[in-house]
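Analysis of the macromolecular model
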Amino acid sequence: MASRSLAVFGFGNVGRVLCEQAVAVGCAVPVIADSSAAIVKKSGLTREDLETLSAAKASGTRLADAVSSVAEATVATPTEAVNFMATLPGKPGLADVSANANAANEYLLDALKLKLPISLANKKPLSEDLASFQSLTADKSLIGYEATVGAGLPVICTLQRMIDSGDRVTHVEGQLSGTLGYILSALQAGGKFSEIVREAKAQGFTEPDPRDDLSGTDVARKALILARTMGENISMDQITVEALFPESFASLPLDEFMDRLPEMDADIEAKVQEAASKGEMLRYAAVVEPGQPINVGLVSVKPGAPLASLQGTDNLVSFESAFYNTSPTVVRGPGAGLEVTAAGVLADYLLLTR
Ligand SMILES: NC(=O)C1=CN([C@@H]2O[C@H](COP(=O)(O)OP(=O)(O)OC[C@H]3O[C@@H](n4cnc5c(N)ncnc54)[C@H](OP(=O)(O)O)[C@@H]3O)[C@@H](O)[C@H]2O)C=CC1
Ligand SMILES: N[C@@H](CC=O)C(=O)O
């Protein structure tokens, strides 16, 4: 068994890429999990095993039903899988690349109790109740959550370094959604909202339910994680969000929502045209300041403004602080995508186990 071994919770778009990347850098993957089960193979899943299981998942088979296709693999509960990881020599860890809500994330707390480092792309455990955020992040030597904001971009570590060095962060601002960036720049180029949303989903930029992106909720989660990292004790219900679809579409089954996307084309097109008539363009921005309410929503920006030049999934986050007071520190680059996100999670795990 390799000296590093990663349990990958969530075997969807990001999870499957993360497994490939981990194996490619010599890290064993002895556990993978989806919502049906965890699969344990003590000697580590081989590339072939992972390909077989990826193909099974792509064809709609749950891991619980695909386990028999891999020699020496057994099914375990999340707690059993975490306990198994803790018995491994070297530097075992756990990645949460599920889209699972906090209530079911007991495996993260199980791992921390056993001193296993955890690395998250999943924002939900950190953006639901404040107590969970605090218990998960209490020991910073055991958690990496870079990929929860800006995918693989160095956003959290930039903020954390400023805080750790005694700087006082006064203003964080930017476009934090790869999906909304992709949609807004494609609309600006003349695309149709319904088609662009489908493309963003097909390319793995959106959340499993794209309404999490289109409602502003995903951006609000990221803004909340930034604010909580800055020491703000706030919750999601204190963040104002602006949705890109009507309230009546919020409770539709996902398939029906996707089918009815064309009904939203005219409304969004009108907003894009209104901005264009002033020589401006739409972006989706978030602002986080200590002690201030957080708003996330559409902004109309002039050419030359920092957000104006963003294209595709690019995010931009600028930090102003007591030390960076004449010119902000700026992080910019792709804020969504399977490779960059998986790499962000893997890099966190490697850093925590260095
Ligand atoms: N795509 C991107 O660019 C980025 C994504 N992220 C985050 O990464 C995460 C994964 O995204 P993505 O791969 O696109 O999502 P997918 O929907 O493709 O995959 C999610 C996976 O999580 C699994 N899952 C759900 N509940 C559990 C559970 N209780 N235990 C273990 N696994 C579970 C699902 O299982 P099942 O298949 O059985 O439903 C599925 O395999 C999300 O939290 C997202 O916000 C973060 C940054 C960027
Ligand atoms: N759906 C998210 C993925 C990364 O967090 C986004 O589009 O930004």
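Every value quoted in this text rests on a predicted model; they were computed, and no experiment measured them.

Overview of the domain arrangement of the protein chain
One can read the domain layout of the protein chain as domain 1 (4–152 + 338–352) and domain 2 (164–333). Listed as interface residues are 16 residues of domain 1 and, on the opposing side, 18 residues of domain 2. For the pair domain 1 and domain 2, the summed buried area comes to about 1,300 Å², and 62% of that belongs to carbon and sulfur atoms. When the buried area of domain 1 at its contact with domain 2 is split by residue, K123, S127 and V149 rank highest and sum to 39% of it. Our count for the domain 1 to domain 2 interface comes out at two salt bridges. Applying the counting rule to domain 1 against domain 2 returns five residue pairs in polar contact (both at pLDDT 80 or more). Put simply, the parts of the chain that give the side of domain 1 that touches domain 2 at least two residues each are α6 (124–127) and α7 (130–137). Looking at the side of domain 1 that touches domain 2 residue by residue, the classes come out as seven nonpolar, five polar and four charged.

A short note on the packing of aromatic side chains
For any two aromatic rings, the description comes down to two numbers: the centre-to-centre distance and the angle of the planes. Summed over all chains, the structure comprises five aromatic pairs. Consider the rings of F249 and F257, whose centres lie 6.3 Å apart with planes at 80 degrees: the pair is edge-to-face. Grouping residues by exposure puts F249 and F257 together as buried. Here the aromatic cluster, defined as three or more aromatic residues joined through ring pairs, consists of F245, F249 and F257. Between R211 and the ring centre of F257, over which it is positioned, the NZ or CZ distance is 4.7 Å. Sitting above the plane of the F249 ring, R260 keeps its charged end 4.8 Å from the centroid.

Regarding the sheet that holds strand β7 (residues 143–144)
If you walk across this open sheet you meet the seven strands as β4-β3-β2-β1-β5-β6-β7, and the pairing is mixed. The sheet terminates laterally at β4 (74–76) and β7, the two strands that pair on one side only. Where strand β2 (residues 28–33) meets strand β3 (residues 38–40), three bridges bridge the pair, whose relative direction is antiparallel. Along β3, the bridge assignment pairs I32 with I39.

A short note on the site of ligand 2
Surrounding ligand 2, one finds K123, S177, G178, T179, F205, T206, E207, D213, D218, K222, G335 and A336. A distance of 2.8 Å separates a nitrogen atom of ligand 2 from a polar backbone atom of F205. Separating a nitrogen atom of ligand 2 from a side-chain N or O atom of D213 is a distance of 2.7 Å. Computed on the free molecule, ligand 2 has an accessible area of 250 Å², of which 93% lies beneath the protein chains in the complex. Of all the secondary-structure elements, those providing two or more residues to the shell around ligand 2 are α9 (178–188) and α12 (217–229). Its residues assigned to classes, the shell around ligand 2 comprises two nonpolar, five polar and five charged.

Some words on the site of ligand 1
Close to ligand 1 lie 23 residues, the nearest being S35, K57, S98, E207 and G337. In the model, an oxygen atom of ligand 1 is placed 2.5 Å from a nitrogen or oxygen of the S35 side chain. For ligand 1, a nitrogen atom lies 2.8 Å from a polar atom in the side chain of N100. Compared with its free state, where it exposes 920 Å², ligand 1 has 83% of that area covered by protein. When grouped by side-chain class, the residues that make up the shell around ligand 1 number nine nonpolar, ten polar and four charged.

Rules used in this analysis
Residues numbered from 1 in each chain as written. Chains lettered and ligands numbered in written order. Predicted model: local features only at pLDDT ≥ 70, side-chain atom pairs only at ≥ 80, totals over all residues. Heavy atoms only, no water. Domains from an automatic or database assignment. Contact = heavy atoms within 4.5 Å. Buried area = accessible area lost by both parts, 1.4 Å probe. Salt bridge = Lys/Arg side-chain N within 4 Å of Asp/Glu carboxyl O. Polar contact = N/O pair within 3.5 Å; in protein donor to acceptor, adjacent residues only side chain to side chain. Helix = DSSP H or I, 4+ residues; strand = E, 2+ residues; numbered from the N terminus. Nonpolar A, V, L, I, M, F, W, Y, C, P; charged D, E, K, R; others polar. Phe/Tyr/Trp six-rings, centres within 6.5 Å; stacked < 30°, edge-to-face > 60°. Buried < 20%, exposed > 50% of the residue type's maximum accessible area, 1.4 Å probe, protein only. Lys NZ or Arg CZ within 6 Å of the ring centre and 35° of its normal. Pairing = 2+ DSSP bridges. Near = heavy atom within 4 Å. Areas by Shrake-Rupley, 256 points an atom, 1.4 Å probe, with all protein chains shown as cover.

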